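Coordinates in review
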Amino acid sequence: MGEFRLPSGRPEVEAFYHEDTGSLSYLVKDPDSPACAVIDPVMDYEPHGARSGFAFAERIAARIRERGLRLEWIIETHVHADHLSAAWYLRTGLGGRIGIGARVARVRELFSDIYGVPEDFLDAPFDHVFADDERYRIGNLEAVAWHTPGHTPACMTHLIGDAAFVGDTLFMPDAGTARADFPGGDAGMLYDSIQRILALPDETRVFVCHDYRPGGREVRWESRVVEQRANVHLAGVDRDGFIARRRAIDAGLDLPRLILPSIQVNLRAGRFPLDETGRPWLKLPVDRL
Ligand SMILES: [Fe+2]
């Protein structure tokens, strides 16, 4: 790992599982102060009637309030394509700064064309964009943001004390890895990003952004780096083998159900675009994806 110094500390981590999208949101607390962060908060969204909801996000907010915590950061590991973010909702109610990877600008570029709209439609009102290897704190907890592209160009892994929030680079060891076929995705880059994570100490806790409960097992979200080295998508293959395996799987996947509403809201940090009367709306480009 060269000069790299691991962040110190061991955060308390509470997971919240969003059934409808198979997503995980996390509440990450500094054990020595009331400071906390939320990672990847999910909005409830019903696509047929375009109905938004915040019952799930409110469960996280309620925990923050009842524990008397101070929300310092709301972190998006990437621009999600399968669920809408509740970052703006939490920020409005509890404060905190919304942070995402600096390459969010690239994702915005890629989708400006697909949405076919002026750039400000996808204007990104994030409070902070993390550079690769940027260090920050949650109270006294040390954290570092790593650029781990592949699933998308802006994906980051947040290493907070001994816990790695890997977004969609890895799923649980029995579930594999995330698709790399979105605009700007790349299976080779994903492999390299995963190697960076797997070089962390064996006991580093790994928290995933999704679990689709393979084989109908109970939902799981936490593993250790040593277990991830035996991840089913990595077993028995080198870099080229992984790329071939990933591409073969991706060729058979449908687009995520919520990709079109998700990207336009998530590039706006969890805010809906507004129509000329100031009411939320969504744009659905036809035949462009
Ligand atoms: Fe994702």
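Data block above holds the structure.
The structure contained in this document is the topic of the report that follows. (Residues numbered from 1 in each chain as written. Predicted model: local features only at pLDDT ≥ 70, side-chain atom pairs only at ≥ 80, totals over all residues.)

**Some details on the overall build of the chain**
Under the convention used in this document: Secondary structure elements follow DSSP: runs of H or I no shorter than four residues count as helices, runs of E no shorter than two count as strands, and numbering proceeds from the N terminus. Between the two quantities, the radius of gyration covers C-alpha atoms and the globule rule is 2.2 Å times the number of residues to the power 0.38. We call a residue exposed when 12 or fewer other C-beta atoms sit within 10 Å of its C-beta, buried when the count reaches 20 or more, and partly exposed for counts in between; the C-beta positions come from the backbone. Distance between backbone-placed C-beta atoms decides contact: two residues are in contact if it is within 7 Å.
Looking only at helices and strands, the chain features 7 helices and 14 strands. For the chain, whose C-alpha radius of gyration is 18 Å, the value lies close to the compact-globule estimate of 19 Å for 289 residues. Judged by the C-alpha coordinates and their principal axes, the chain covers about 55 × 45 × 40 Å. By the burial criterion, 46% of the 289 residues in the chain qualify as buried. Long-range contacts, defined as pairs at least 24 residues apart, comprise 67% of the intrachain contacts of the chain with a sequence gap of at least 6.

**Some points on the sheet that holds strand S8 (residues 128-130)**
Rule in force here: Strands are labelled as partners when DSSP assigns at least two bridges between them. Every axis in this analysis is a line fitted to C-alpha atoms, fitted for helices over the stretch in contact. Angles between the N-to-C directions lie between 0 and 180 degrees.
With mixed pairing, the 6 strands of this open sheet are ordered in space as S1-S2-S3-S6-S7-S8. Of all strands in the sheet, those with a lone pairing partner are strand S1 (12-18) and S8, marking the two edges. Neighbouring strand axes in the sheet, compared pairwise and without regard to direction, differ in orientation by 25° on average. Sheet topology places strand S7 (residues 97-101) next to S8; 3 bridges connect them, and they run parallel. Considered in S8, the bridge of Gly101 is made with Phe130. Packing of helix H1 (residues 55-66) onto the sheet brings it into contact with S1, strand S2 (23-29), strand S3 (35-39) and strand S6 (70-75), and relative to S1 it is tilted by some 160°.

**As for the nonpolar core**
For clarity, the threshold we go by: In this description, a nonpolar core means buried residues of the types Ala, Val, Leu, Ile, Met, Phe, Trp, Tyr and Cys, linked to one another by C-beta atoms lying within 7 Å.
Among the nonpolar cores identified, the biggest contains 78 residues, and Val38, Ala57, Leu90, Ala164 and Val208 are the most heavily contacted of them. When residues in this core are grouped by element, the largest group, 6 residues, is from helix H4 (residues 187-198). When neighbours within four sequence positions are excluded, Ala57 is seen to be in contact with Pro41, Val42, Met43, Ala86, Tyr89 and Leu90.

**Observations concerning the packing of H1 against helix H2 (residues 87-94)**
Test applied: Here the word oblique covers every angle except those under 35 degrees (roughly parallel), over 145 (roughly antiparallel) and from 65 to 115 (roughly perpendicular). Handedness of a helix crossing follows the sense of rotation of the near helix relative to the far helix, less than a right angle counterclockwise being left-handed and clockwise being right-handed. Put simply, Ala, Val, Leu, Ile, Met, Phe, Trp, Tyr, Cys and Pro go in the nonpolar bin, Asp, Glu, Lys and Arg in the charged bin, and everything else, Gly too, in the polar bin.
As a packed pair, H1 and H2 sit with axes 10 Å apart at the nearest point and diverge in direction by 30°. Considering the angle they form, H1 stands roughly parallel to H2. Crossing angle aside, the handedness with which H1 passes H2 is right-handed. Where H1 approaches H2, its residues Ala57, Ala61 and Ile64 are matched on the opposing element by Tyr89, Leu90, Gly93 and Leu94. Class assignment for the residues of the contact of H1 with H2 results in 6 nonpolar, 1 polar and no charged.

**Details of the sheet that holds strand S9 (residues 134-138)**
Within the open sheet, the 6 strands sit side by side as S9-S10-S11-S12-S13-S14. Their pairing is mixed. Sheet topology places S9 and strand S14 (222-224) at the edges, where each strand pairs with a single neighbour. In this sheet, neighbouring strand axes are inclined to one another by 25° on average, regardless of whether the strands run parallel or antiparallel. Pairing geometry for strand S13 (residues 205-207) and S14, over 3 bridges, is antiparallel.

**Quick word on unusual backbone geometry**
The phi angle at Asp40 is positive, at roughly 50°, despite the residue not being glycine. On the secondary structure map, Asp40 appears in the loop between S3 and strand S4 (44-46). The phi dihedral of Ala269 falls on the positive side, at around 60°, and the residue is not glycine. Here Ala269 lies in the segment after helix H7 (259-266).

**Re the packing of H4 against helix H6 (residues 239-251)**
Axis separation between H4 and H6 bottoms out at 9 Å; the angle between their running directions is 125°. As the angle between them shows, H4 and H6 are arranged oblique. Here H4 runs over H6; the crossing is right-handed. Only Arg239, Phe242, Ile243, Arg246 and Arg247 of H6 make contact with H4, whose side of the interface consists of Ala187, Gly188, Leu190 and Tyr191. Residue classes in the contact of H4 with H6 are distributed as 5 nonpolar, 1 polar and 3 charged.

**Examining helix H3 (residues 104-115)**
Rules: To estimate the expected span of a helix, subtract one from its residue number and multiply by 1.5 Å. Note: the arc covers the axis-to-C-beta directions of the helix.
The end-to-end C-alpha distance of H3 is 16 Å, a good match for the 16 Å that 12 residues give at a rise of 1.5 Å each. Those residues of H3 that fall on the buried side of the exposure criterion are Val104, Val107, Arg108 and Phe111. Mapping the buried residues of H3 onto a view down its axis gives an arc of 95°, with all of them on the same face. In this structure, the buried residues of H3 make contact with S7, S8 and H7. Of the residues trailing H3, Gly116 is marked for its positive phi of about 60°.

**Here we look at the pairing of strand S11 (residues 156-160)**
Every other side chain in a regular strand lies on the same face of the sheet, so the side chains alternate between the two faces. Counting buried residues along S11, 5 of its 5 residues qualify, which places the element largely inside the surrounding structure. The alternating pattern of S11 places Met156, His158 and Ile160 on one face and Thr157 and Leu159 on the opposite face, and all of these are buried. Pairing analysis gives 5 bridges linking strand S10 (residues 141-147) to S11, with the strands arranged antiparallel. What sits directly across from Val144, in S11, is Leu159. Pairing analysis gives 3 bridges linking S11 to strand S12 (residues 163-165), with the strands arranged antiparallel. Opposite Ile160, over in S12, you have Ala163 as the bridge partner. Connecting S11 to the antiparallel partner S12 that follows it, the hairpin turn spans 2 residues, and Gly161 within it adopts a positive phi of roughly 55°.

By themselves these figures say nothing about function.
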